[in-house]
Structures are given as C-alpha cells and as structure tokens.
Amino acid sequence: MTRDAAFHIGRAAAPTGLRLGERLRQLRVAAGLTQSDVAGDRFSKEYVSQIERGKTRPTRETIEWLAARLGVDPGFLANGVATDERGRLEGALARAEAMIEALQNDEAAAEYQALVPAARATGVPELEVRALVGAGRTQMRLGALRPALELLNDARVLVEGSSFSDVERAEVFYALGVCRYQLNSIQTALGLLNEALALAERSGLPSDSLRSSILSWRSRCWRRQRDYEAAREDVERALQLAEDADDPATIGAAYFQASLVADREGHWVLARNYAEKARTAYEELSDKVHVGQLTNNLGGLNFLLGKTDEAIALLKEAFGIALDTGRDADAAQAVSSLAQINLRTGNVEQAEGQARQALQLLHGQEDYLDEIGNAHLVLGRSLLEQGLLDQAEQSFAAAEESFSQLSSASHRAAAWVARGDLAARRGDDRLAAHLYRTAAEALQDVRF
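Engineer: Could you give an account of the overall build of the protein, with specific residues and numbers?
Structural biologist: When its secondary structure is counted, the protein shows 24 helices and zero strands. Overall size of the protein, expressed as C-alpha extent along the three principal axes, is 100 × 45 × 40 Å. If you take every contact in the protein between residues at least 6 apart in sequence, the share linking residues at least 24 apart comes to 56%. Of the roughly 21,200 Å² that the protein leaves accessible, carbon and sulfur atoms contribute 46%. Charged side chains in the protein number 51 positive and 65 negative. The centres of these two groups are separated by 5 Å.

Pasting the structure below:
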C-alpha cells in the first residue's frame, strides 16, 4: 500500500472536520433515518436531538451503539476518522518521531510533509497537535526557524481546547520557547518557558523529564543575559529532575548545560567534570551529534586548564565527528575553537585560515549568530596581528553586526574592545578610549 493510500479518508457521508453531533445528523440523513429510527427502543428522540445539537456528549458505549445503528465505524462517528485509519496515522507519527530521536532530520521532514495535512484532514485535535509539534521540531533541527514557529503557533491554538491536559500544553509552550530562543528572542523565550514550567507543575501529572528540559533551556536564556546565579539555580533543579526521571537523554542535556554555566563562571574543572558526564550519557545513547559537541567543549576547557595538546586532539576529534554526522555548524565550531587556540599561541596565519573556514561553514546559519560573530572576531584579531588593519576593521564590523542581533551586551562589548584595540594600534587614543568606555558601560548594565 502506498503512503497516500494509507492516509486516505474514504467517502463517508460526513466531512471529518464536523463536530460529533453534526456528523451524527448527516450520517442519519444520508441513511434515510429519522431521529426516532436511530433512537430505537434504547433512547428517546429528544436525546438523539440533543446529541445532534451538541447539547450533550454521549458515552463511548452510546457512540458504539449509534454507530452500529448507522452502519459506520465508531471511531469515525466519534472523531471523523475510522479506527483503523487512525491507527495507521498514529503508527506513521510514531515512526516520524523515532526519526527525530535518531536525528534523521531530512527523513523526518519528508514524512511530515504528508503527515501534517493527513492529521489536519482527520479533524482530530490530538493528532493535529502531534503532527504539528513533530514537524516544528524537525524544521528547527534543519534551521528553518520561521516555518517551525508557524507550525508550533498552530499547535498552540489547538491545545487551548478543553480536551488537552496542562502537560500537553506545556510541551507546546516549551517547543515554542526553544524556537524563540534560537531566533534570539530571549525575553519572549523566557516568557514561554515560564508558562510551560507553570503548566507542567500545576498539572499534577508526572513530568520530570519535561520540567528538566524546560529548566535546561531557561538556563540558556539566563546565561545569554549573564544572570549566572539564575542559570545555576535552574540547571541544578534540572539535574535533580533528570536523575529522578532516570532518562539518559535528559541527564545528558542537564549536565551539558551545567557544564556551560560552570564554564561561564570560571569553574573550569567543574565544567570539565560535568561535560564528561554529559558525554558519557550521550555515548550510552549512541548520540554522535551530542558526543561531538561535548568533545568540542572539552577541547576548549582543556585549553583553559593549560592542556593545549589534549585540547587540540579533542577539537580535531570533534571536527571529524561533525563531518561524519553532516553537521556543518558543529564542524565550524570545532574549527573556530582551533582558530582561537592558534591565535592565542601566536600562530596567527593558521588562525586566519581556520576562522575563514569556520565562516564558510556557518554561512546562512541564522541560529549561530554568536559563533559567526566570534569567528569574525578571531579573524579580525589574526589580521590585526599581521598588520592588516583595514581588513581587521571589516571583520570587527561584521562581528558587531552579528552581535547586534543578539540580546547580549557582553557580545557587543567584545566587539567594541576589539575595535578599541584596532584604534589604539592606529594611534587614535581618543577613539580607543571611547570604545573601551562604551564596552565597560555596557557590561555595567549586565547582572552577574
């Protein structure tokens, strides 16, 4: 059977998007029956009328009895889609979700192109939301953030219905928060993640993994705002919930974020310890993408701890993993990290080449603006050290342009300091002082 046939909705007498009562009336009329005929000896004509007008919702047993009177599938009468048809669609959704977990993003995207319209055609909100969220997550993975946002907003409208639990609403708000974070709308992301956490907590339903994930992403928002105390509090709660859930993926994500927070606070030994635990969790899952990302971070941390040779070996390993998994952005981050090491150790020409390679790999990656800006900074400083001042100025300007799209004063301050160093090299002490002062004032407004 072809995929299209599997999701075909047969020519039943009633459109699938109607409410149960409207569907009952159209099926009854198509069958040439009166309300009394349908009611039989079991119900009154008035009761059937109330169902058709949406005044009462029949029990499952009543739906099955009415479906038998009309000669239709009970699932079709209840939801507008036959039970076997719904089963096929749910199976297809489960396969697509498994592709997401296996990081088979292109394959998942192809599946959802058919699944989203198929789910919409059923008129069953639960299936629509499941398809929309899955498609949204896939588009985020592929960097198509605006299409992802549109899909997730459609899901958000649907979960406002009374048939959804607060946990199900929390999952949609969480996905929206992640998308907004990747679009650099940090305040909006915080609001969505706060709402997701509140919904999950008040539901009273088991949701340790979900709450841990929400807190891990909210920690990212606090880090972007340099509120490291709040970031640390969230990630500590996330770690506890992840351990309670006993979910390796959630544990890996929580330790990953804990490592980043410790790194930002200058606790590099602790950060390395957390990163190693995160990598171990992802190795158990055979998740090469996250293993590669953590290997990159461990390279940077080992460099900060004075272990340059180990750092370079780890970064080269991370670069190889990124190439194997087809992750250009991850490969770019590994190359950019190597460029920073070469810049700091005086290999400025090699740093220049690696920074240019990183920028080439990051071209068009709108969700990696911070890494693009950092690569421009490394390129500019390598050019500055070679005395190529005009080219360095262009790179610093490009870095500032990237950073201006982020809600992060510290990133822009780094660009201003670099421009100040360039002005000082040119002998323009007044401009240099102005730029240094601007950077310092920007950082004074940041909460540490």
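Engineer: Could you give me a rundown of helix α12 (residues 186–203), with the residues and numbers involved?
Structural biologist: Taking 1.5 Å per residue, 18 residues should reach 26 Å; α12 reaches 26 Å between its end C-alpha atoms and fits that length. Taken as a whole, α12 has its buried residues at I186, A189, L190, L192, L193, A196, L197, L199 and A200. Buried positions along α12 lie against α10 (145–158), α11 (166–182), α13 (208–224) and α14 (228–245).

Engineer: Explain unusual backbone geometry to me, and be specific about the residues and the numbers.
Structural biologist: Phi at R226 takes a positive value of approximately 60 degrees, unusual for a residue other than glycine. Inspection of the secondary structure assignment puts R226 in the loop between α13 and α14. Of note, the phi angle at D246 is positive, near 55 degrees, even though the residue is not glycine. Inspection of the secondary structure assignment puts D246 in the loop between α14 and α15 (248–264). Assessed through its relative accessible area of 62%, D246 is described here as exposed.

Engineer: A description of the state of the cysteines should follow, citing residues and the corresponding values.
Structural biologist: All told, the structure shown has zero disulfides when counted by the stated rule. You can see C179 has no disulfide; the closest cysteine sulfur is in C221, sitting 12 Å from it. Residue classification places C179 among the buried residues on the basis of a relative accessible area of 0%. With a relative accessible area of 0%, C221 lands in the buried category.

Engineer: With reference to specific residues and values, describe the nonpolar core.
Structural biologist: The biggest cluster of nonpolar side chains holds 80 residues, and the ones touching the most others in it are Y112 and Y174. The element best represented in this core is α11, accounting for ten residues. Residue contacts for Y112: discarding those within four places in its chain leaves L93, A96, E97, I100, P117, A131, G134, A135 and T138. By size, the runner-up hydrophobic cluster in this structure holds 28 residues, among which are L362, L369, A392 and A415.

Engineer: An account of the packing of helix α23 (residues 409–425) against helix α24 (residues 429–444) is requested, with residue identities and associated values reported.
Structural biologist: Running from amino to carboxyl end, α23 crosses α24 at an angle of 165 degrees, the nearest separation of the two axes being 8 Å. By the angle between their axes, α23 is roughly antiparallel relative to α24. The handedness of the crossing between α23 and α24 is left-handed. Residues A409, S410, A413, W416, V417, R419, G420, D421, A423 and A424 of α23 lie in contact with α24, whose contacting residues are L431, A432, L435, Y436, T438, A439, A442 and L443.

Engineer: Lay out the confidence of the model for the protein in plain terms, naming residues and giving numbers.
Structural biologist: Put simply, the protein has an average pLDDT of 88, and 94% of its residues get 70 or more. Long-range and interchain partners of residues 1–18, a stretch whose pLDDT sits below 50, account for 36 contacts in this model, where long-range means more than four residues apart.

Engineer: Please set out the packing of aromatic side chains residue by residue, giving values where relevant.
Structural biologist: Applying the stated criterion across every chain, the model contains four aromatic pairs. Aromatic side chains F43 and W65 sit 5.3 Å apart centroid to centroid with 80 degrees between the ring planes, which places their arrangement in the edge-to-face category. Of this pair, F43 sits in the loop between α3 (35–39) and α4 (45–52) while W65 is found in helix α5 (residues 60–70), placing the two residues 22 residues apart along the sequence. Judged by relative accessible area, which is 22%, W65 ranks as partly exposed.

The rules we used
- Sequence order as written defines the numbering, with residues in each chain counted from 1.
- In keeping with the predicted nature of the model, local features appear solely for residues at pLDDT of at least 70, side-chain atom pairs appear and are counted solely at 80 or more, and the whole-chain, interface and lining totals rest on all residues.
- Only hydrogens and water are set aside when side-chain values are computed; all heavy atoms of the structure are taken into account.
- Only DSSP runs of H or I reaching four residues or more are called helices, and only runs of E reaching two or more are called strands; each is numbered from the N terminus.
- Note on contacts: a residue pair is in contact if any heavy atoms of the two residues lie within 4.5 Å.
- Every accessible area reported is derived by Shrake-Rupley at a probe size of 1.4 Å, with residue values counting cover from the shown protein chains alone.
- In summary, the charge assignment counts Lys and Arg as positive and Asp and Glu as negative, without counting His or the chain termini.
- By convention, charge coordinates are those of NZ in Lys, CZ in Arg, CG in Asp, or CD in Glu.
- In this scheme, a helix's expected span is set at 1.5 Å multiplied by one less than its residue total.
- Relative accessibility under 20% of the residue-type maximum defines a buried residue, over 50% an exposed one, and the middle range a partly exposed one, all with a 1.4 Å probe and only protein chains included.
- Disulfides are defined in this document as cysteine sulfur pairs within 2.5 Å.
- Put simply, buried Ala, Val, Leu, Ile, Met, Phe, Trp, Tyr and Cys residues joined by side-chain atoms within 4.5 Å make one nonpolar core.
- Axis angles are defined between N-to-C directions and span 0 to 180 degrees, where every axis is a line fitted to C-alpha atoms and, for a helix, only to the segment in contact.
- Oblique is the label for any angle not covered by the other classes, which are roughly parallel (under 35 degrees), roughly antiparallel (over 145) and roughly perpendicular (65 to 115).
- The crossing is said to be left-handed when, going from far helix to near helix, the turn is anticlockwise and less than a right angle, and right-handed when the turn is clockwise.
- Residue-level confidence of the predictor, termed pLDDT, takes values from 0 up to 100.
- Planes of paired rings set the category: under 30 degrees apart is stacked, over 60 is edge-to-face and the rest tilted, where pairs are Phe, Tyr or Trp rings (Trp by its six-membered ring) whose centres lie within 6.5 Å.

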